[in-house]
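For reference, the chains in residue letters:
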Amino acid sequence: MDPHQFPITRASALDRLDAFVAEAALAYGTRRNYVDAAGAHNAVSRLSAALRRRVISEEDVVRAVLTAHPLEAVEQFVAEVFWRTYWKGWLELHRGLWRQFGQEVDREKARLATSREAAARYDRAISGATGIDAFDHWAAELAQTGYLHNWARMQVASIWIFTLGLPWQLGADWIFGHLRDADPASNTLSWRWVAGLHTAGKTYLADEARITSMTGGALKANGLATTAKVPSEGEPPCQTKLREPTLPDRSAPSLVLLTCEDLSLETVLDLDAVRGIVIARDLTASEADQIALADAMERSAQRWQTCQFEIEKLADLITLAREIGCTQIVTGFAPVGPTADALENLCLLLTGHGIALAEQKRRWDQLAWPYCGKGFFQLRSRIPALLREQAILG
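1. Description of the layout of surface pockets
Taken as a whole, the largest pocket spans an internal volume of roughly 1,200 Å³. As for the largest pocket, its lining consists of 44 residues, and the residues nearest its centre are Glu80, Trp83, Trp87, Asn150 and Ser190. For the lining of the largest pocket, the leading source of residues is helix H5 (residues 75-92), giving nine residues. Considered class by class, the residues forming the lining of the largest pocket number 22 nonpolar, 13 polar and nine charged. Around the second largest pocket, the lining is made up of 29 residues, and of these Arg53, Leu179, Ala285, Ser286 and Asp289 lie nearest the centre. Within the residue set of the lining of the second largest pocket, elements represented by two or more residues are helix H8 (133-145), helix H13 (287-304) and helix H15 (338-350). Sort the elements by how many residues they give to the lining of the second largest pocket and H13 lands first, with four residues. Residues that form the lining of the second largest pocket fall into these classes: 14 nonpolar, eight polar and seven charged.

In structure tokens:
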């Protein structure tokens, strides 16, 4: 794939941001939901893969757009950036849902193993052989490119749940495994929203005429469900307090761990005694991760003028930290997801070794996440104030 189509290095992401600000930002509000069946997604920013890894940050993007345009002209785009923040904050405030989701995926996969009919329906869906033109087209695009337009993702999820009658958990797991911009919060919670589980009883039902219209007549979707039954589930996890990480000690001899949760740490992290930059292969899920991590490693090594390391397993950090005399491992804050799970296990291993694990939490998240516990409107109504607090708006 052309790296400039969906950039994952900082330089190419900044180039794409510049082009978007100049060419498409003003049209985003009216054109964002039109889907080009040929894959020329020019009406959207195409920065999701970079934002997912924070190769560039939400603040970088919003600041650039609002430097060029007044908020009222690009309000819809800014709101969409905050949707990403909302999903992460909501899952941070309902952390038990992530574990529950994993258990439900395992349960549904076990059921597939015992039902030939269910397994066949699942296989037809993931291979794009359902006979529903639009769905099959998007399944093929996902497999080939690792990307789907956000509006197309909503149609795929709706058709999967209500027309094909497949468990939403298997759909969320399938698409997460292919997406170049796969985000635990945005992906899992968007599927729950379509299913009618995020906002109680409010489902999203794909419509044949709407799909034809939004694809310029290129894609059809015959035989779609006309009613939506909300899947059953147990009691949703209760709301919890936001997790507060151990903050970095600026003066401690430190080993900086790069993960795909924040790959522009050099722009926000202020440390006096960095003795090494490290990545762990067992936290690298894809080729896109590898490219983004290598880019971040180079920038970080230049920023701190220090050694670069690559280890096989996260647990090897203990030995490395001891060898180079570090009492602190510093990384970007890991929101709920696989990286956070791995770091939680690392904390247990570090106990008794005299090595602290600290996380750099961005001010963007600190300010916004407290408003993410309910519906999106609670956060959206705060957007101007949040932007003023970060000196993005005057």
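2. Considering the nonpolar core
Formed by 113 residues in total, the largest nonpolar core has its most connected members in Phe135, Trp138, Trp160, Leu258 and Leu387. In terms of residues, this core owes the most to one element, helix H9 (residues 150-163), which gives nine residues. Apart from the residues lying within four places of it in its own chain, the contact partners of tryptophan 138 are Val35, Leu148, Trp151, Ala152, Gln155, Val156, Ile211, Thr215 and Leu219. One finds Ala321, Ala342, Leu346 and Leu350 within the second-largest nonpolar core, a separate group that totals 21 residues.

3. Brief notes about the packing of helix H6 (residues 96-112) against helix H10 (residues 168-176)
At their nearest, the axes of H6 and H10 sit 9 Å apart, and the two run at 105 degrees to each other. Taken together, the axis directions place H6 and H10 in an arrangement best described as roughly perpendicular. Each of Phe101, Glu104, Val105, Arg107, Glu108, Lys109 and Leu112 in H6 lies in contact with H10, whose residues at this interface are Trp168, Gln169, Leu170, Ala172 and Asp173. Taken together, the residues of the contact of H6 with H10 sort by class into six nonpolar, one polar and five charged.

About the thresholds
The written sequence of each chain sets the order in which its residues are numbered from 1. Reporting in this predicted model follows two pLDDT cut-offs: at least 70 for local features of residues, and 80 or more for side-chain atom pairs to be given and counted; totals over whole chains, interfaces and linings ignore these cut-offs and use all residues. Side-chain measures here rest on the full set of heavy atoms in the structure, leaving out hydrogens and waters. Only protein atoms enter the 1 Å grid, on which a cavity is a set of points fitting a 1.4 Å probe that cannot get out and a pocket is an open set with protein on both sides within 12 Å along at least 5 of 7 lines, lining residues being those with an atom within 4 Å of a point. Grid points are joined across faces, edges and corners, and a volume is the space filled by probe spheres set on the points. Secondary structure counts use DSSP, requiring at least four H or I residues in a row for a helix and at least two E residues in a row for a strand, with both numbered from the N terminus. Under the convention adopted here, Pro, Cys and the residues Ala, Val, Leu, Ile, Met, Phe, Trp and Tyr are nonpolar, Asp, Glu, Lys and Arg are charged, and Gly plus all remaining residues are polar. The definition of a nonpolar core used throughout is a set of buried Ala, Val, Leu, Ile, Met, Phe, Trp, Tyr and Cys residues joined through side-chain atoms within 4.5 Å. Summary of the burial criterion: residues with accessible area below 20% of their type's maximum are buried, those above 50% are exposed, and those between are partly exposed, where the area comes from a 1.4 Å probe applied to protein chains only. Contacts are residue-level and defined by heavy atoms, with any inter-residue pair within 4.5 Å sufficient. All axes here are fitted lines through C-alpha atoms, helices being fitted over the stretch that makes contact, and every angle between N-to-C directions spans 0 to 180 degrees. Roughly parallel means an angle under 35 degrees; roughly antiparallel means over 145; roughly perpendicular covers 65 to 115; every other angle is labelled oblique.

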